[in-house]
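Results of the structural survey
Listed below, chain by chain, are the residues.
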Amino acid sequence: MDGRHGRHGAALPALVGVVALGALMSGCGIRATEVPTDFGPAPSRVRCSLGEPEGAGQGERGLPVQVFLVCGSPLVAVDRVVRVAEGATDARRVLVAQGLMDELTREPTTSEREAGYTTRVRPGTTVTGPRAGDPEDTLRLSTSPAELSATALAQIVCTFSDSAAAEGNGSVILGGPDDATPRRYRCTDDVRARPAAGRPPSTEATGS
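Parameters at a glance
Residues take numbers from 1 onward in each chain, read along the sequence in its written order. In keeping with the model being predicted, local features are shown solely for residues with a pLDDT of at least 70 and side-chain atom pairs are shown and tallied solely at 80 or more, while totals for entire chains, interfaces and linings include all residues. Excluding hydrogens and water, the side-chain figures rest on all heavy atoms present in the structure. Salt bridges are identified by distance alone: a Lys or Arg side-chain nitrogen within 4 Å of an Asp or Glu carboxyl oxygen. The helix count covers DSSP runs of H or I at least four residues long, the strand count covers runs of E at least two residues long, and both are numbered beginning at the N terminus. Remark: exposure states derive from per-residue accessible area (1.4 Å probe, protein chains only) relative to the maximum for the residue type, with buried under 20%, exposed over 50%, and partly exposed in between. Whenever a pair of cysteine sulfur atoms sits within 2.5 Å, that pair is classed as a disulfide. Residues belong to one nonpolar core when they are buried, are Ala, Val, Leu, Ile, Met, Phe, Trp, Tyr or Cys, and are joined through side-chain atoms within 4.5 Å. Two residues qualify as a contact provided that any one of their heavy atoms is within 4.5 Å of a heavy atom in the partner residue. One fewer than the residue count of a helix, multiplied by 1.5 Å, yields its expected span. Only protein atoms enter the calculation, which uses a 1 Å grid: trapped sets of points that fit a 1.4 Å probe without letting it out are cavities, open sets showing protein on both sides within 12 Å along at least five of seven lines are pockets, and any residue with an atom within 4 Å of a point is a lining residue. Grid points are joined across faces, edges and corners, and a volume is the space filled by probe spheres set on the points. In this classification, the charged set is Asp, Glu, Lys and Arg, the nonpolar set is Ala, Val, Leu, Ile, Met, Phe, Trp, Tyr, Cys and Pro, and all remaining amino acids, among them Gly, are polar. A 3.5 Å cut-off defines polar contacts: any pair of N or O atoms within that distance qualifies, except that in protein one atom must be a possible hydrogen donor and the other a possible acceptor, and neighbouring residues in sequence count only when both atoms are side-chain atoms.

**Notes on the pattern of salt bridges**
Evaluation of the coordinates by the stated rule reveals eight salt bridges. A salt bridge links R80 to E112; the shortest N-O distance between them is 2.6 Å. A residue pair is termed long-range when its members are at least 10 positions apart, and R80 in strand β2 (residues 75–82) and E112 in helix α3 (residues 110–114) qualify at 32 residues. Judged by its relative accessible area of 7%, R80 falls in the buried class. For E112, a relative accessible area of 4% translates into the label buried. Salt-bridge contacts for D137 lead to R184; the nearest nitrogen and oxygen are separated by 4.0 Å.

**Comments concerning the state of the cysteines**
Scanning the model with the defined rule gives two disulfides in all. In this model C48 forms its disulfide with C71; the gap between the sulfur atoms is 2.2 Å. With the S-S dihedral at roughly -110°, the linkage between C48 and C71 falls on the left-handed side. Remark: C71 occurs in strand β1 (residues 63–71) and C48 occurs in the loop between α1 (2–27) and β1; sequence separation between them is 23 residues. Among the residues examined, C71 registers a relative accessible area of 2% and is labelled buried. The disulfide partner of C158 is C187, and the gap between their sulfur atoms is 2.1 Å. Between C158 and C187, the disulfide has an S-S torsion of 95° and is therefore right-handed. Of the two residues, C158 is situated in helix α4 (residues 150–161) and C187 in the loop between β7 (183–186) and α5 (189–193); the sequence distance between them amounts to 29 residues. According to the relative accessible area criterion, C158 is buried, its value standing at 2%. Going through the chain in sequence order and numbering each bonded cysteine, the pairs you get are 1-2, 3-4.

**With respect to the nonpolar core**
Among the nonpolar cores identified, the biggest contains 37 residues, and L139, L141, I156, F160 and L174 are the most heavily contacted of them. Elements that contribute at least two residues to this core include exactly β1, β2, α2 (89–105), β5 (139–141), α4 and β6 (171–175). Excluding residues that lie within four positions of it along the chain, L174 makes contacts with L139, L141, P145, L153, I156, V157, F160, P182, R183 and Y185.

**Some thoughts on α4**
Between its first and last C-alpha atoms α4 spans 16 Å; for twelve residues at 1.5 Å apiece the expected length is 16 Å, and the two agree. For α4, the set of buried residues is A150, T151, A152, L153, A154, Q155, I156, V157, C158, T159, F160 and S161.

**A closer look at the environment of L69**
Mapped onto the elements, L69 comes out in strand β1. We classify L69 as buried; its relative accessible area is 0%. As for L69 and R192, which are separated by 123 residues in sequence, their C-alpha atoms are 9.9 Å apart. With residues up to four places along the chain from it excluded, the contact list for L69 reads P74, L75, V76, V78, R80, L104, E112, Y117, T118, T119 and Q155.

**A word on the layout of surface pockets**
Estimates place the volume of the second largest pocket at around 160 Å³. Residue lining of the second largest pocket: L63, P64, V65, Q66, F68, V96, L100, C158, T159, D162, S163 and A164, and that is the complete set. Those elements giving two or more residues to the lining of the second largest pocket turn out to be β1, α2 and α4. Ranked by residue count, the leading element in the lining of the second largest pocket is β1, at five residues. Partitioning the lining of the second largest pocket into residue classes produces eight nonpolar, three polar and one charged.

**Quick look at the environment of R80**
Along the backbone, R80 and L100 are 20 residues apart, and their C-alpha atoms lie at a distance of 8.9 Å. Within the structure, the side chain of R80 is placed 2.6 Å from the side chain of E112, a separation counted as a polar contact.

Next comes the structure, spelled out in structure tokens:
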């Protein structure tokens, strides 16, 4: 009996200390469950935040545009400037599209790379206008949309869809160099948030 009482007596101060510590932590607004138990390396963070665009304030002239680059997983719009010659509406629309494509295919700027931006669109991709029988606002790419990765296609669709290269209604009609019927692709919130999850929704586009 004395041995048991001795052990219980020794344990009692320790128990009181634990209770007191818990009360102190509670009083300070700290929960025991919030104490981290995994002491591994902290996850890396992508800032996806840019300061003033490079070239801004230096007299750069052209058409202010936004292109969608990959930052982490989602697509994020960044400001760029493209130079487009004046001309007929249809010709200018294709020139704008090519200017946007050139911005998508070139390496991100130093500040964009430091902020975590990348692009999946391959260099050398070109844009032309509609063929006979295509809807008049069709843009044909030198690489078939079906051959592009889901992320690269999402970048192109979201960049083109709300620009002077398309109707500005959140969609764009794209075709390739083959005879496949062009399709109308839409840039949605899901496409911007998870471009690699699947190809942008589309429907077949027919008629001139």
